[in-house]
Amino acid sequence: MAPEKNQLAYCAGFVEPCAALSTKQEEQIMNAQRDKAPWLKAWLEATELKLEPGASTGQRAYRLVLLGAPGVGKGTQAELLSARLGPCHLATGDIFRAAKALDPAKLSPALKEALEYMHRGELVPDDTVVALVRERAHCLRWPTGFLLDGFPRTVPQAEALEQILSAEGLALDAVLNFESPVELIVARLSGRRTCPKCKAVFHIQTRKPKVDNVCDNCGTQLVIRDDDRPEAIRVRLDVYQKSTAPLVEFYRQRGLLLSIPAEGTPEEVYQLTLAALRKLG
Ligand code: AP5
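Since we're looking at a predicted model, the values are computed, not measured.

Notes on the overall build of the protein chain
Secondary structure summary: the protein chain contains 12 helices and seven strands in total. Here the protein chain holds 281 residues, and the buried ones make up 51% of them. Across the protein chain, contacts joining residues at least 24 apart in sequence account for 76% of those joining residues at least 6 apart. On the protein chain, roughly 13100 Å² of surface is accessible, and the fraction owed to carbon and sulfur atoms is 54%.

Next up, the structure:
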């Protein structure tokens, strides 16, 4: 069975790596962003994506984890990588945020509890996150690969991922570790604006929307994320150091770590990422 059109629009590759974008290609990427919301809905509700596991678009399928402190730019790079190379983008934070918009009566007790952790800037318990990823394991079988953004975030989550992948007969190609000084990270988080509908990410200085506070993709009013409050940012950075930073060593020991300096513009960081991926062959 072929993937449905709107899923293909987001998950299939559009342009060759590094190719200059024509207006038409830019338009396709914007369309892909608009189609992200129904795709996210499918994740949230854990409905089948009806993809054909053996299907191929002829492009190299990368199976990647994006690692790095909150605000380093993982979501921004995931957006660029997904639109241009086609992997299925699974962002655990996006799934939790989308759950906030649901009727509270429809939320499971575990999901309600997860949202409270998130509001405080703490990590959601491993069991809840792993169950959520397990339910969506079909993303991992996507023919043009996958990008895990915000998962794993602890060593037990990384071990669970190894088990899930091994059960699927799959392996990671690399773990992209985005690195940036903490002052830059705080500046990025403090100026971030996000679209609650299509999840596009903007910044009041470095990635301004065309119209102040309005999403370029879908015209929705942009919002400041609940966990971008200064007190939650502090907690998130501490939690990162304590729980997530050990994953750098975990993946280095497995020979999977690719460190990417993330201080340039989004396009510059994307080009560095691409150069690192090319070395994988
Ligand atoms: P999650 O949504 O994953 O948040 P995060 O890891 O804190 O990462 P962010 O989304 O804040 O930042 P980002 O690196 O994606 O940066 P972005 O591209 O937006 O998780 C949120 C919460 O959910 C967690 O705190 C936790 O409670 C829970 N959770 C999720 N997964 C979990 C798990 N596995 N286990 C347990 N709990 C979990 O960029 C930031 C800003 O900078 C933007 O404004 C952007 O426009 C700008 N920017 C980006 N790149 C550049 C650049 N190169 N130059 C200039 N500006 C840039």
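As for the site of the ligand
Residues in close proximity to the ligand total 36 residues, the closest being T76, E122, R153, R192 and R236. In this structure, an oxygen atom belonging to the ligand sits 2.6 Å away from a side-chain N or O atom of T76. Here a nitrogen atom of the ligand sits 2.7 Å away from a polar atom, N or O, in the main chain of G150. In isolation the ligand offers 1000 Å² of accessible surface; the protein chains occlude 96% of this area.

Quick word on the packing of helix α5 (residues 92–100) against helix α6 (residues 109–120)
Between α5 and α6, the shortest axis-to-axis distance is 10 Å and the interhelical angle comes to 110°. Taken together, the axes of α5 and α6 lie roughly perpendicular to each other. Contacts between α5 and α6 involve G93, F96, R97, A99 and K100 from the first element and L111, A114, L115 and M118 from the second. Its residues placed into classes, the contact of α5 with α6 shows six nonpolar, one polar and two charged.

With respect to the sheet that holds strand β1 (residues 62–67)
Judged by pairing direction, the sheet is parallel, and its five strands sit side by side in the order β2-β3-β1-β4-β7 without closing on themselves. The open sheet has two edge strands, β2 (88–91) and β7 (257–261), and neither has a second partner. The average angle at which neighbouring strand axes cross in this sheet is 20°, direction not considered. Relative to strand β3 (residues 145–149), β1 is paired through five bridges, and the arrangement is parallel. Bridged to L64 within β3 is L147.

Considering the nonpolar core
With 38 residues, the main nonpolar core has F96, L172 and Y251 as its most contacted residues. For this core, the secondary-structure elements that each account for two or more residues are β1, β2, α5, α6, α7 (126–135), β3, α8 (155–168) and α11 (246–253). Among the elements that make up this core, the one with the highest residue count is α8 (five residues). Among residues more than four places away in sequence, those in contact with F96 are L111, A114, L115, M118, V124, V129 and L132. With 26 residues, the next largest nonpolar core counts F178, I233, Y240 and I260 among its residues.

A short note on the state of the cysteines
Within this structure, the stated rule accounts for one disulfide. Looking at C215, it has no disulfide partner, and the nearest cysteine sulfur is the one in C198, 3.7 Å off. The buried category is assigned to C215, whose relative accessible area is 3%. The structure places no disulfide on C218, whose sulfur is separated from the nearest cysteine sulfur, that of C195, by 3.5 Å. When its relative accessible area of 25% is taken as the criterion, C218 is described as partly exposed.

Brief notes about the environment of D94
Mapped onto the elements, D94 comes out in helix α5. Distance in space between the C-alpha atoms of D94 and K199 is 7.6 Å, their sequence separation being 105 residues.

Quick notes on the packing of aromatic side chains
The full count for this structure, using the stated rule, is one aromatic pair. Aromatic pair F250 and Y251: ring centres 5.0 Å apart, planes at 85°, arrangement edge-to-face. Taken as a pair, F250 and Y251 share a single burial class, namely buried. One cation-aromatic arrangement involves R120 over Y117; the distance from NZ or CZ to the ring centre is 5.1 Å. R254 extends its terminal NZ or CZ atom over the ring of F250, reaching a point 3.7 Å from the ring centre.

About the thresholds
Residues numbered from 1 in each chain as written. Predicted model: local features only at pLDDT ≥ 70, side-chain atom pairs only at ≥ 80, totals over all residues. Heavy atoms only, no water. Helix = DSSP H or I, 4+ residues; strand = E, 2+ residues; numbered from the N terminus. Buried < 20%, exposed > 50% of the residue type's maximum accessible area, 1.4 Å probe, protein only. Contact = heavy atoms within 4.5 Å. Areas by Shrake-Rupley, 256 points an atom, 1.4 Å probe, with all protein chains shown as cover. Near = heavy atom within 4 Å. Polar contact = N/O pair within 3.5 Å; in protein donor to acceptor, adjacent residues only side chain to side chain. Axes fitted to C-alpha atoms, helices over the stretch in contact; angles between N-to-C directions. Parallel < 35°, antiparallel > 145°, perpendicular 65-115°, else oblique. Nonpolar A, V, L, I, M, F, W, Y, C, P; charged D, E, K, R; others polar. Pairing = 2+ DSSP bridges. Core = buried A, V, L, I, M, F, W, Y, C linked by side-chain atoms within 4.5 Å. Disulfide = S-S within 2.5 Å. Phe/Tyr/Trp six-rings, centres within 6.5 Å; stacked < 30°, edge-to-face > 60°. Lys NZ or Arg CZ within 6 Å of the ring centre and 35° of its normal.

Just distances and angles here, no functional claims.
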